[in-house]
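Tertiary structure, described
The primary structure of each chain is shown beneath.
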Amino acid sequence: MLIRKPEDIPSSEITPEREYLNRRSFLKLAGGVGAIAAGGALVPRLLHGALVDDQPQADTPNSWDQITSYNNYYEFGTDKADPKANAQNFRTSPWSIEVGGLCNKPGHYHYEDLFKPASRVDRVYRLRCVEAWSMVIPWNGYVLADILKRFEPQPGAKYVKFTTLYDPQQMPGQRRPVLQWPYVEGLRMDEAMHPLTLLVTGLYGKPLPNQDGAPVRLVVPWKYGFKGIKAIVKIEFVDQQPMTTWMIAAPDEYGFYANVNPHVDHPRWTQAVERRIGEFRRRPTLMFNGYADQVASLYTGMDLRKYF
Ligand SMILES: Nc1nc2c(c(=O)[nH]1)N[C@H]1C(S)=C(S)[C@@H](COP(=O)(O)O)O[C@H]1N2
Ligand SMILES: [Mo]
């Protein structure tokens, strides 16, 4: 896996320039409405009122600056710039994770004992937020299955529940009832054990910045970004589907599965298209965020409109 450090990225890939170039080609095309109506290979089509680029495009990683300046992390504020501004002094060391529930090896595990650099993996994944924007992020982390196996889950464990730190002193957003704190997420056991699912501790080969979920966060690339719970302090093996923070906040808008699905809209907006941060034209959203080959079989026979 090739990981490029920010300084290795050619300036042509950095946002303002790319956006500028995209705008220029858009203006050229928009010169004739006929160009759009013709629908040829080189022109974008209109979908849900947005210009959508249907051509296969490279998944160039977003820049360090984009990934660390445009964040969702309500513990540090609800604006995209708040986490970077407010999380700088968040204490991520020492850190330990409490492991409990239906397993043979419960306990408090120190960060250093769980995450040994020798077994680190580097993966470039697309991240699709439920708000219909997306990024491409070069993560460094650990295959969740490898970590979970060490705790020896019992046969009765059907789901894994994850909990974020609760510390209103350090997390100013938790002083207001924006969400029910602490933030909770969950996966079905087979989703948690899938080889694509990671616990992430770094990006671009550097320690994970606080605004991205340091010291450890979940990444499940075929699901909406809100499943990727940050600053994890507890992992529990449970027999019932856990209630998650976003299900509590708005059960008709955010389901437990939260699989990226262009055919099931959010009640208030389309999920058919997305805006890649740094781009102007929207892209069509792909089933399971483009990971269908690897994960569709997890959901065989399930009605994905019901289990959204
Ligand atoms: N604890 C916690 N985890 C969280 C969130 C949050 O508000 N609190 N936001 C989620 C959402 S909505 C998204 S899209 C991703 C964003 O991850 P990023 O900021 O690293 O891009 O984090 C997710 N994890
Ligand atoms: Mo999100």
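Going by the structure above, here's the rest.
As a starting point, this report considers the structure included with it. Everything quoted here is computed from the prediction, not taken from an experiment. (Residues numbered from 1 in each chain as written. Chains lettered and ligands numbered in written order. Predicted model: local features only at pLDDT ≥ 70, side-chain atom pairs only at ≥ 80, totals over all residues. Heavy atoms only, no water.)

Scanning all chains against the criterion turns up 14 salt bridges. The closest approach of N and O atoms between Arg188 and Asp190, which form a salt bridge, is 2.8 Å. Since its relative accessible area comes to 31%, Asp190 is described here as partly exposed. Here Arg268 and Glu253 are joined by a salt bridge, their closest N and O atoms 2.7 Å apart. Taken as a pair, Arg268 in the loop between helix 8 (245-249) and strand 13 (273-276) and Glu253 in the loop between helix 8 and strand 13 lie far apart in primary sequence, 15 residues in all. Linked through salt bridges whose partners overlap, the residues forming this network are Asp59, Arg126, Arg128, Glu274, Arg276, Glu279 and Arg283. (Salt bridge = Lys/Arg side-chain N within 4 Å of Asp/Glu carboxyl O. Buried < 20%, exposed > 50% of the residue type's maximum accessible area, 1.4 Å probe, protein only. Helix = DSSP H or I, 4+ residues; strand = E, 2+ residues; numbered from the N terminus.)

In space, the five strands of this open sheet follow the order 4-3-12-7-8, with mixed pairing throughout. For this open sheet the edge positions go to strand 4 (107-110) and strand 8 (184-188), each flanked by a neighbour on one side alone. Along the sheet, successive strands turn relative to each other by an average axial angle of 20°, direction set aside. Pairing geometry for strand 7 (residues 159-164) and strand 12 (residues 232-238), over six bridges, is antiparallel. (Pairing = 2+ DSSP bridges. Axes fitted to C-alpha atoms, helices over the stretch in contact; angles between N-to-C directions.)

For a regular strand, side chains alternate in direction, first toward one face of the sheet and then toward the other. Counting buried residues in strand 8 gives five out of five residues, a clear majority hidden from the surface. Taking every second residue as pointing to the same face, both faces of strand 8 are buried, with Val184, Gly186 and Arg188 on one and Glu185 and Leu187 on the other. Bridge analysis of strand 7 against strand 8 gives five bridges, and the strand direction is antiparallel. Pairing of Tyr159 across the sheet is with Arg188, part of strand 8.

Another point: the side chain of Thr285. Topologically, Thr285 is positioned in the loop between strand 14 (283-284) and helix 9 (292-295). A distance of 2.5 Å separates a polar atom in the side chain of Thr285 from a polar atom in the side chain of Glu274. (Polar contact = N/O pair within 3.5 Å; in protein donor to acceptor, adjacent residues only side chain to side chain.)

This part takes up the nonpolar core. One finds Ile97, Trp139, Phe151, Phe162, Leu218, Trp222 and Phe237 to be the most contacted residues of the largest nonpolar core, which totals 76 residues. The greatest single-element share of this core, amounting to six residues, is contributed by strand 6 (residues 133-143). The residues contacting Trp222, other than those within four sequence positions of it, are Glu191, His194, Leu196, Thr197, Asn259, Val260, Phe288, Asn289, Tyr291, Val295, Leu298 and Tyr299. (Core = buried A, V, L, I, M, F, W, Y, C linked by side-chain atoms within 4.5 Å. Contact = heavy atoms within 4.5 Å.)

The geometry of an aromatic ring pair is captured by the separation of the ring centres together with the interplanar angle, meaning the angle of the planes. Summed over the entire model, instances satisfying the criterion amount to 19 aromatic pairs. Seen in terms of ring centroids, Tyr70 and Trp133 are 5.1 Å apart; in terms of plane orientation they differ by 85°. Their pairing is edge-to-face. With a gap of 63 residues between them, Tyr70 in the loop between helix 3 (64-69) and helix 4 (82-86) and Trp133 in strand 6 connect regions that are remote in the sequence. Judged by its relative accessible area of 25%, Tyr70 falls in the partly exposed class. (Phe/Tyr/Trp six-rings, centres within 6.5 Å; stacked < 30°, edge-to-face > 60°.)

Direction of pairing for strand 5 (residues 121-128) relative to strand 6: antiparallel, over a ladder of eight bridges. Residue Arg123 lies in a different strand from strand 6, and its bridge partner there is Trp139.

Neighbouring ligand 1 are 15 residues, the closest being Asn71, Tyr74, Glu75, Asp212 and Lys230. At 2.8 Å, a side-chain N or O of Asn71 approaches an oxygen atom of ligand 1. Contact between ligand 1 and Arg217: an oxygen atom at 3.0 Å from a side-chain N or O atom of the residue. In the complex, the protein chains occlude 98% of the 530 Å² of accessible area that ligand 1 would expose alone. Of the residues contributing to the shell around ligand 1, the split by class is six nonpolar, five polar and four charged. (Near = heavy atom within 4 Å. Areas by Shrake-Rupley, 256 points an atom, 1.4 Å probe, with all protein chains shown as cover. Nonpolar A, V, L, I, M, F, W, Y, C, P; charged D, E, K, R; others polar.)

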